[in-house]
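The lines below spell out each chain.
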Amino acid sequence: MLTHTMVGSNDVARSKAFYDATLGALGVPAGHDAGNRIFYSTGGPAFGVGLPADGNAACHANGGTIGFAAPDKEAVDAWHAAGLAHGGTDEGAPGPRANAPGKAYGAYLRDPDGNKICAFCQLPA
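The following refers to the structure shown. (Residues numbered from 1 in each chain as written. Predicted model: local features only at pLDDT ≥ 70, side-chain atom pairs only at ≥ 80, totals over all residues. Heavy atoms only, no water.)

Structural notes on helix H1 (residues 12-24)
Compared with the 18 Å implied by 1.5 Å per residue over 13 residues, the 17 Å span of H1 between its first and last C-alpha is a close match. Within the span of H1, buried status applies to Val12, Ser15, Phe18, Tyr19, Ala21, Thr22 and Leu23. Its side-chain oxygen placed 3.4 Å from the backbone nitrogen of Ala13, Asp11 serves as the N-cap of H1. (Helix = DSSP H or I, 4+ residues; strand = E, 2+ residues; numbered from the N terminus. Expected span 1.5 Å × (residues − 1). Buried < 20%, exposed > 50% of the residue type's maximum accessible area, 1.4 Å probe, protein only. Polar contact = N/O pair within 3.5 Å; in protein donor to acceptor, adjacent residues only side chain to side chain.)

Description of the state of the cysteines
Such a bond, covalent and formed between the sulfur atoms of two cysteines, is termed a disulfide. Within the structure shown, the criterion is met by zero disulfides. Of all cysteine sulfurs, the one in Cys118 lies closest to Cys59, which takes part in no disulfide; the gap is 20 Å. For Cys59, a relative accessible area of 63% gives the class exposed. Free cysteine Cys118: the closest other cysteine sulfur is in Cys121, separated by 12 Å. Overall, Cys118 belongs to the buried group, its relative accessible area being 6%. (Disulfide = S-S within 2.5 Å.)

What to know about the sheet that holds strand E1 (residues 4-8)
Across the sheet, which stays open at both edges, the four strands sit in the order E1-E4-E3-E2 with mixed pairing between neighbours. Every other strand in the sheet has two partners, leaving E1 and strand E2 (32-33) as the edge strands with one partner each. Lying over the sheet, H1 contacts E1, strand E3 (37-40) and strand E4 (46-50), oriented at roughly 10° with respect to E3. (Pairing = 2+ DSSP bridges. Contact = heavy atoms within 4.5 Å. Axes fitted to C-alpha atoms, helices over the stretch in contact; angles between N-to-C directions.)

What to know about the packing of aromatic side chains
A full pass over the atoms with the stated rule returns six aromatic pairs. Aromatic pair Phe18 and Tyr19: ring centres 4.9 Å apart, planes at 90°, arrangement edge-to-face. On the basis of relative accessible area, Phe18 is assigned to the buried category, the value being 0%. Judged by its relative accessible area of 0%, Tyr19 falls in the buried class. With a centroid separation of 5.0 Å and an interplanar angle of 55°, the aromatic rings of Tyr19 and Phe47 are classed as tilted. Taken together, the residues Tyr19 in helix H1 and Phe47 in strand E4 connect sequence positions 28 residues apart. There is no split in this pair, since Tyr19 and Phe47 are both buried. Three or more aromatic residues joined by ring pairs make a cluster, and in this case those are Phe18, Tyr19, Tyr40, Phe47 and Phe68. (Phe/Tyr/Trp six-rings, centres within 6.5 Å; stacked < 30°, edge-to-face > 60°.)

Focus: the sheet that holds strand E8 (residues 116-122)
Strand pairing in a sheet relies on backbone hydrogen bonds, with the paired strands running either antiparallel or parallel. Taken together, four strands build an open sheet; the order of strands is E5-E8-E7-E6 and the sheet is mixed. Edge positions in the sheet fall to strand E5 (66-69) and strand E6 (89-96), since each has one partner strand and no second. Between one strand axis and the next, the sheet turns through 20° on average, direction left out of account. By the bridge criterion, five bridges tie E6 to strand E7 (residues 104-110) in an arrangement that is antiparallel. Its bridge partner being in E7, Thr89 is matched across the sheet by Arg110. Across the sheet, H1 is in contact with E5, E7 and E8; its angle to E7 comes to roughly 170°.

In structure tokens, the structure reads:
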């Protein structure tokens, strides 16, 4: 259903360093540099970050969150640590998520531009 998800950034190089580290912790290859945008993919829909096309400053969506799939809880933990080490801020430390379906384990961050992102996996039954 989706081809890609895109968030804005006011500093594409800073965002590439942040997302290469966080998505790399989930096994995603380094981003493809497309000029003023960077794209990540593992063969399905892509995730992109870049300068807004209208030339205005990037800002984050109020109430919006982008979730990334993690293979296991260790990857969620590594993703969160990589984000904090690369300019992100904590929005929810790694741990079980009682209000999510199944036996969800996840963590939340704000990227350096304020976009809210998360990584989740399902714990074994």
